[in-house]
Amino acid sequence: MVGGPHKADSTEFKECLSLSFTRPYILQLALSAGIGGLLFGYDTGVISGALLYIRDDFKQVERSTVLQETIVSMAVAGAIVGAAFGGWMNDKFGRRLSILFADVLFFAGAIIMAAAPLPGIIILGRIFVGLGVGMASMTAPLYISEASPHKIRGALVSLNGLLITGGQFLSYLINLAFTRVSGTWRWMLGIAGLPALIQFFLMLMLPESPRWLYRKDRKKDAETILKRIYPADEVPRELDLLRQSVESEIAEEGTIGEYSLFGKVRKAWTTRMVRRGLVAGILCQVAQQFCGINTVMYYAPTIVQLAGYASNSTALALSLITSGLNAVGSIVSMYFVDRSGRRRLMIISLCGIILWLAVLSGVFYAASVKSPDVGFMETQHFSNFTCPAYNAASGIQWRCVNCLKAECSFCSNGDNKLLAGACLANPEANEPMKHACQSEHRDWYTQGCPSNFGWVALLGLAAYIISYSPGMGTAPWIVNSEIYPLRFRGICGGMAAVANWVSNLIVTQTFLSLTKAIGTANTFVLFACYSVVALLLIFLFVPETKGLPFEEVEKMMSDENYKAWKTRSAYKKQHQLQEL
């Protein structure tokens, strides 16, 4: 919300807890809108486990890496359109109606996927869900931000981040719960319709954002909501600041193209102050994706299998570690985001990300070099199912990794999985081969090879998540909810969310193909390089916004001598002089 300068260092997590108890309406608004974040997290996380069982039910999916990537990434493609449309809808019809429309999309997508008879229908349902995810991804934090006292704004927007990661953790629990139930993946995907219904009815009982209402000349409605958010003695001051802010915006509007969608986009990029905000906001969103997080969240069970764990249920159970730590990291972010600041958290976060991506790369490289040999006698034991590409007479010694690269499968040694095994596989006869292997108490590998390094990879993934979640996991969304002036907040938030989802689509649509083309180790090296570039750009172009009211952020971005790495200290001194 609006408000005058204050000492941001005094804005702590305990103040958020205190205000939530003394004025529970604030928490009600944040939690109700935050269910969109829960749905966002669930629908993006659930596919990681469901994909394992979709592969089992549809052999065309098992045989096609591109089809697997498409099932995962079509939700992201839908989110791109949803985020773009959501930016316009937020400005035109308000934050509340946008959330309600997103719930309808979530529910429709869940029902379509649960009933899907073909992979193509699953993809259609994923597109519907993606449209809802895209709208929720930029609307929920915007609504929370505009309906929160500015001193705890960061913590409450972080609550949305916590619900996103909580949704992802819940999706892994649901996946694990339905592994032995008939219809496995249908339950996993369909159950997402329930929280969408709950949020729909909750939002019907809640008001619109007070800032949007005031902007639409519904001043009495805005004042009524402010009275429920602020103590009575603070309401006149907050209302006056809101009036000044809106009047200033109206005075600057009315230029050609201002009221059309494309006119607003053009105006945003040609206005220096808004352009600076867009560069910072879009940079944060792109960096969030290109550090590789959604390869972990969307493909966590697959990565666990790449690390040497063959069983679907084992991969899902171990993946709970990463999603659980992601949720814990969001709680940490809620405590530190208004203490340490958004910019500092992102920089520290990226340093940890770079380190642990390098470690993961080393682990997967060692695992590939040390993968078990393909034994001639072991393979001959299953002579009817020998991999067509395997030729022992050539004199070239194959390892498990060579077997998998040839699109065959590896059946481990019955005595010790690290000893020489059999290279079987013909995708058209997958089930007989798999049954023949497992009937002898051997493990069946299609994604990764047996390894002693699996536990190290799990530790590396855990450390990566711990580094990512408190900083790059939540701070980019908070920055984007604070850095734009009200008249451009919807459209700029939409553009930044589109950038996030386009980057997400690129990463998710190429991850499995990259691991096959250049190897898992080199794929993680590539993400580490992207993270180094992101660290440098965030240092240069992203300012600190912690504790600053929206009006002060706008003044900071308009300053002639604006430098992202200097502005926070400069504004702090300015505030101290004003207080004197």
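Predicted model only: the values in this text are computed from it and were never measured.

A few points about the overall build of the protein chain
Now for step 1: Across its full length, the protein chain carries 26 helices and three strands.
Now for step 2: Here the protein chain, with 580 residues, has 60% of them falling under the buried criterion.
Now for step 3: A sequence separation of at least 24 residues applies to 82% of the contacts in the protein chain between residues at least 6 apart.
Now for step 4: Summed over its atoms, the accessible surface of the protein chain is roughly 22,300 Å², and 64% of this surface lies on carbon and sulfur atoms.

Looking at the side chain of Arg 126
Now for step 1: For Arg 126, the location among the structural elements is in helix α6 (residues 119–146).
Now for step 2: Lacking a salt bridge, the buried Arg 126 has Asp 43 as its closest oppositely charged neighbour, with an N-O distance of 5.4 Å.
Now for step 3: The residues touching Arg 126, leaving out its near neighbours within four places in the chain, are Asp 43, Ile 47, Ile 71, Val 72, Met 74, Ala 75 and Met 113.

A short note on the packing of aromatic side chains
Now for step 1: Scanning the entire structure with this criterion turns up 11 aromatic pairs.
Now for step 2: By way of ring pairs, the aromatic residues Phe 85, Trp 88, Phe 93 and Phe 101 are connected into one cluster.

Looking at the state of the cysteines
Now for step 1: Tallied over the full model, the rule gives four disulfides.
Now for step 2: Covalent S-S linkage joins Cys 403 and Cys 423, the inter-sulfur distance amounting to 2.3 Å. Here the S-S torsion is close to 95°, and the disulfide linking Cys 403 with Cys 423 is therefore right-handed. Here Cys 423 lies in strand β2 (residues 422–424) and Cys 403 lies in helix α19 (residues 400–405), a separation of 20 residues in the sequence. We note that Cys 403, like Cys 423, is buried.
Now for step 3: The disulfide partner of Cys 411 is Cys 437, and the S-S distance across this bridge is 2.1 Å. A torsion of 95° about the S-S bond marks the disulfide between Cys 411 and Cys 437 as right-handed. One end of the pair, Cys 411, is in strand β1 (residues 409–411); the other, Cys 437, is in helix α20 (residues 430–438), and 26 residues separate them in sequence. The same class applies to Cys 411 and to Cys 437, which are both buried.
Now for step 4: Sequence-ordered numbering of the bonded cysteines in the protein chain gives a pairing of 1-4, 2-8, 3-6, 5-7.

Details of the sheet that holds strand β3 (residues 444–445)
Now for step 1: The strand order across the open sheet formed by three strands is β2-β1-β3, and the pairing between neighbours is antiparallel. Where the open sheet ends on each side, the last strands, each with one partner, are β2 and β3.
Now for step 2: The sheet contact formed by β1 and β2 spans three bridges and is antiparallel. Each residue of the ladder has a partner; that of Ser 409, found in β2, is Leu 424.

Considering the nonpolar core
For soluble globular proteins, the rule of thumb is that nonpolar side chains tend to be buried together.
Now for step 1: In terms of nonpolar packing, the biggest core is built from 57 residues, with Cys 492 and Ile 538 touching the most fellow members.
Now for step 2: For this core, the secondary-structure elements that each account for two or more residues are α14 (272–290), α15 (293–306), α17 (342–369), α21 (454–468), α22 (475–482), α23 (486–518), α24 (520–541) and α25 (550–558).
Now for step 3: The contacts of Cys 492, once residues within four sequence positions are left out, are Ala 268, Val 274, Leu 278 and Tyr 484.
Now for step 4: One finds Phe 40, Tyr 53, Val 72 and Ala 83 within the second-largest nonpolar core, a separate group that totals 48 residues.

Section: the pattern of salt bridges
Now for step 1: Enumeration according to the criterion identifies 11 salt bridges in this entry.
Now for step 2: Two residues, Lys 219 and Asp 217, come together in a salt bridge whose shortest N-O distance is 3.7 Å.
Now for step 3: On the accessibility criterion, Asp 217 (55% relative accessible area) is exposed.
Now for step 4: With a shortest N-O distance of 2.6 Å, Asp 240 and Arg 243 are connected by a salt bridge. Within this pair, Asp 240 and its partner Arg 243 are both found in helix α12 (residues 235–252), separated by three residues, close to a single helical turn.
Now for step 5: Here the salt bridges do not stand alone but share partners, grouping Asp 91, Arg 95 and Glu 146 into one network.

Criteria and cut-off values
- Residues numbered from 1 in each chain as written.
- Predicted model: local features only at pLDDT ≥ 70, side-chain atom pairs only at ≥ 80, totals over all residues.
- Heavy atoms only, no water.
- Helix = DSSP H or I, 4+ residues; strand = E, 2+ residues; numbered from the N terminus.
- Buried < 20%, exposed > 50% of the residue type's maximum accessible area, 1.4 Å probe, protein only.
- Contact = heavy atoms within 4.5 Å.
- Areas by Shrake-Rupley, 256 points an atom, 1.4 Å probe, with all protein chains shown as cover.
- Lys, Arg positive; Asp, Glu negative; His and termini not counted.
- Salt bridge = Lys/Arg side-chain N within 4 Å of Asp/Glu carboxyl O.
- Phe/Tyr/Trp six-rings, centres within 6.5 Å; stacked < 30°, edge-to-face > 60°.
- Disulfide = S-S within 2.5 Å.
- Pairing = 2+ DSSP bridges.
- Core = buried A, V, L, I, M, F, W, Y, C linked by side-chain atoms within 4.5 Å.

These results come straight from atomic positions and should not be treated as a statement about function.
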